[in-house]
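Residue-level listing of the chains:
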Amino acid sequence: IKTNNPYASYFDFFSRSGTDAVSPVPPPVFSASGGNYESTPGNGYKYHTFTASGSFITSGSPHNVEFILVAGGGGGGGCNNSAAGGGGGGGMVISSGFTCGAGTHSITVGGGGSGQVSHNGVLGTGNDSIFDYTGTGSSTFTAKGGGGGDGPQVDSGGGDGGSGGGPTGAENQSTQNPGIPHITNYGNSAPGTGGGGAGASPPGTGRGGTGQPAPGYEYPIVFPGPVASPLNPYSPSNNHYAGGGGGYSSGPFGNPNGGGGAGLPSDTGNGNPGISLLGGGGGHAWYPSTATGGTGGDGIVVIRYST
C-alpha cells in the first residue's frame, strides 16, 4: 500500500519499508601477525611468540593486548675462586594490557650473555628484549639483560643488569618503563654469596634466585612441541622465567624455577648454561683456570589478546 507522504517511503501492510536501507558498516576486526609461533590453545587468547627479533603487525580496530618480555640472562663467572658468581636472570616485564592500534611494531629478543673466561675480568651481560609500540600513544617497553657473574678478579663484583650477576651485582629493571600503569618490572640484585639474581626473588647462599611465574604463559602454549619437555623440571607449573645462575656452593642447581644454569661447587669444567627462551643466568665455572662460565639463556617475547 503506497503512501502519498513525500517524506516517507511506501509500506506494505506488514509494515515493511520499501526504502533501500543503508546498513551501518561494522568496524574492521582486529587482526595481527608475527612471531615464530602463533597459537590459539582454546583458553580465549591468541598468542604470538617471538624467539627471535621480528615485527608484530596489527590492523583493524584497536584491541587490548597483553605481553611478557624476558631479556637474555647474564653469563656465569669463570674463576678458580670460592666467590665465583652466577649470571643474573634476564629482567622481566609483565603487561596487564593496553589498547594496541594498527601498525608495524618492532620486537627485539635479547640473547644471553657470554660466560666469563677465568681471569679475563670481562662480564657477560645479557641483551635487552624490547617491544617498540608505534601506534597512538607510542611507547618503548624494555626488559634489561641480566648482569654477568664474576670470578671475581681483583675483588670486583658481578655486573648490574635486569637482575644482578653474582656476587653483588645490582638490578636495574626497576628503573625501566617509568610511569606506564600496565607494566610490572621484575628483577633482583645479587648479594655477596655467589648466586645470580632473578625475577621473583634474590638468591640464597650460592643458589640462583627464583624465576618469576607468569600465569597464562605456560611453556606448552608459548613454544609448543618437544622443546617444552626438557623444561618441566625448571618450573612446577611450566611458567617461570628469568631464574638466576648458580654460584659457588650452589649444589647441582642454578635455580630449578626459571632456567638458571647450575654452578660447579668443587668440580672441574665450564659452568652450565642458562636455559634458552627462559632468560636464565649461566652457572659459574671452576677449575682449570681456562674454564668458562655458562652462557646466559636467550630471552623471549610473548604477546597475547582475547579472541
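Up top is the structure.
Residues numbered from 1 in each chain as written. Predicted model: local features only at pLDDT ≥ 70, side-chain atom pairs only at ≥ 80, totals over all residues. Heavy atoms only, no water.

**Examining the pairing of strand 8 (residues 129–133)**
Both faces of the sheet carry side chains from a regular strand, because those side chains alternate between them.
Inference 1: Side chains of strand 8 alternate between two faces, with Ser129, Phe131 and Tyr133 buried and Ile130 and Asp132 left unburied.
Inference 2: Pairing geometry for strand 7 (residues 103–108) and strand 8, over 3 bridges, is antiparallel. By the bridge assignment for strand 8, Ser106 is matched with Asp132.
Inference 3: Summarising the sheet, strand 8 and strand 9 (residues 139–143) pair through 5 bridges and their orientation is antiparallel. (Buried < 20%, exposed > 50% of the residue type's maximum accessible area, 1.4 Å probe, protein only. Helix = DSSP H or I, 4+ residues; strand = E, 2+ residues; numbered from the N terminus. Pairing = 2+ DSSP bridges.)

**Topic: unusual backbone geometry**
Inference 1: Note the cis peptide between Gly166 and Pro167, where omega equals -10°.
Inference 2: You will see that Thr168, though not glycine, has its phi angle at about 75°, which is positive.
Inference 3: Turning to its location among the elements, Thr168 is positioned in the loop between strand 9 and strand 10 (183–186).

**Structural notes on the sheet that holds strand 4 (residues 54–59)**
Inference 1: Spatially, 5 strands are ordered 1-4-7-8-9 in an open sheet, and the strand pairing comes out antiparallel. Both edges of this open sheet fall to strand 1 (31–33) and strand 9, since each of them pairs with a single strand only. This sheet shows a mean twist of 15° between the axes of neighbouring strands, independent of strand direction.
Inference 2: Relative to strand 7, strand 4 is paired through 5 bridges, and the arrangement is antiparallel. (Axes fitted to C-alpha atoms, helices over the stretch in contact; angles between N-to-C directions.)

**Looking at the environment of Ser129**
Inference 1: Topologically, Ser129 is positioned in strand 8.
Inference 2: In the structure, Ser129 is positioned 16 residues away from Gly145 in sequence and 7.4 Å away in space, judged by C-alpha atoms.
Inference 3: Apart from the residues lying within four places of it in its own chain, the contact partners of Ser129 are Leu69, Val70, Ala71, Thr108, Val109, Gly110, Phe141, Thr142, Ala143, Ile300 and Val301.
Inference 4: Among the polar contacts made by the side chain of Ser129, one reaches the main-chain amide nitrogen of Gly110 at a distance of 2.9 Å. (Contact = heavy atoms within 4.5 Å. Polar contact = N/O pair within 3.5 Å; in protein donor to acceptor, adjacent residues only side chain to side chain.)

**Details of the nonpolar core**
Inference 1: In terms of nonpolar packing, the biggest core is built from 22 residues, with Phe56, Phe67, Phe131, Phe141 and Ile303 touching the most fellow members.
Inference 2: Secondary-structure elements contributing two or more residues to this core are strand 5 (63–70), strand 6 (92–100), strand 8, strand 9 and strand 13 (300–306).
Inference 3: The residues touching Phe131, leaving out its near neighbours within four places in the chain, are Phe56, Phe67, Leu69, Phe98, His105, Ser106, Ile107, Ser139, Thr140, Phe141 and Ile303.
Inference 4: Counting 18 residues, the second largest nonpolar core, distinct from the first, contains Ala214, Phe223, Ile275 and Leu277. (Core = buried A, V, L, I, M, F, W, Y, C linked by side-chain atoms within 4.5 Å.)

**Digging into the pattern of salt bridges**
Oppositely charged side chains may form a pair once their charged atoms are brought near each other.
Inference 1: The final tally for this structure, using the stated rule, is 3 salt bridges.
Inference 2: Close ionic contact of Glu66 with Arg304 constitutes a salt bridge, the shortest N to O distance being 2.9 Å. Highlighted residues: Glu66 in strand 5 and Arg304 in strand 13, separated in sequence by 238 residues.
Inference 3: On the accessibility criterion, Arg304 (10% relative accessible area) is buried.
Inference 4: The salt bridge involving Asp128 is made with Lys144; its shortest N-O contact spans 3.0 Å. You can see Asp128 sitting in the loop between strand 7 and strand 8 and its partner Lys144 sitting in the loop between strand 9 and strand 10, a full 16 residues away along the chain.
Inference 5: The class of Asp128 is partly exposed, set by a relative accessible area of 24%. (Salt bridge = Lys/Arg side-chain N within 4 Å of Asp/Glu carboxyl O.)

**A closer look at the packing of aromatic side chains**
Inference 1: Going through the model one piece at a time under the given rule, you end up with 13 aromatic pairs.
Inference 2: When the ring of Phe67 is compared with that of Phe141, the centres are 5.1 Å apart and the planes differ by 40°; the resulting orientation is tilted. Separated by 74 residues along the polypeptide, Phe67 in strand 5 and Phe141 in strand 9 bring together distant segments of the chain. Residues Phe67 and Phe141 agree in their burial class; the two are buried.
Inference 3: Note on Tyr219 and Phe223: the rings are 5.7 Å apart at their centroids and 20° apart in plane angle, and the pair reads as stacked. Across this residue pair, the class does not change: Tyr219 and Phe223 are buried.
Inference 4: These aromatic residues form a ring-pair network of at least three members: Phe56, Phe67, Phe98, Phe131, Tyr133 and Phe141.
Inference 5: If you follow Arg304 out to its NZ or CZ, it ends over the ring of Tyr45, 3.8 Å from the centre. (Phe/Tyr/Trp six-rings, centres within 6.5 Å; stacked < 30°, edge-to-face > 60°. Lys NZ or Arg CZ within 6 Å of the ring centre and 35° of its normal.)

**Considering the pairing of strand 4**
Inference 1: In terms of strand pairing, strand 1 meets strand 4 through 3 bridges, oriented antiparallel. Looking at strand 4, one finds that Ser31 is bridged to Ser59.

**What about the environment of Ile275?**
Inference 1: Tracing the sequence through the fold places Ile275 in the loop between strand 12 (240–241) and strand 13.
Inference 2: Residue classification places Ile275 among the buried positions, given a relative accessible area of 17%.
Inference 3: When the C-alpha positions of Ile275 and Gly299 are compared, they lie 9.2 Å apart, and in sequence the two are 24 residues distant.

**Quick word on the environment of Tyr47**
Inference 1: Secondary-structure assignment places Tyr47 in strand 3 (residues 45–50).
Inference 2: The buried category is assigned to Tyr47, whose relative accessible area is 0%.
Inference 3: Sequence spacing of Tyr47 and Glu66 is 19 residues, and the spatial spacing of their C-alpha atoms is 9.6 Å.
Inference 4: Other than its neighbours up to four places away in sequence, Tyr47 contacts Tyr37, Glu38, Ser39, Pro41, Gly216, Tyr217, Ile221, Val302, Ile303 and Arg304.
Inference 5: At 3.0 Å, the side chain of Tyr47 and the side chain of Asn43 are in polar contact.
Inference 6: A distance of 2.6 Å separates the side chain of Tyr47 from the backbone oxygen of Gly216, its partner in a polar contact.

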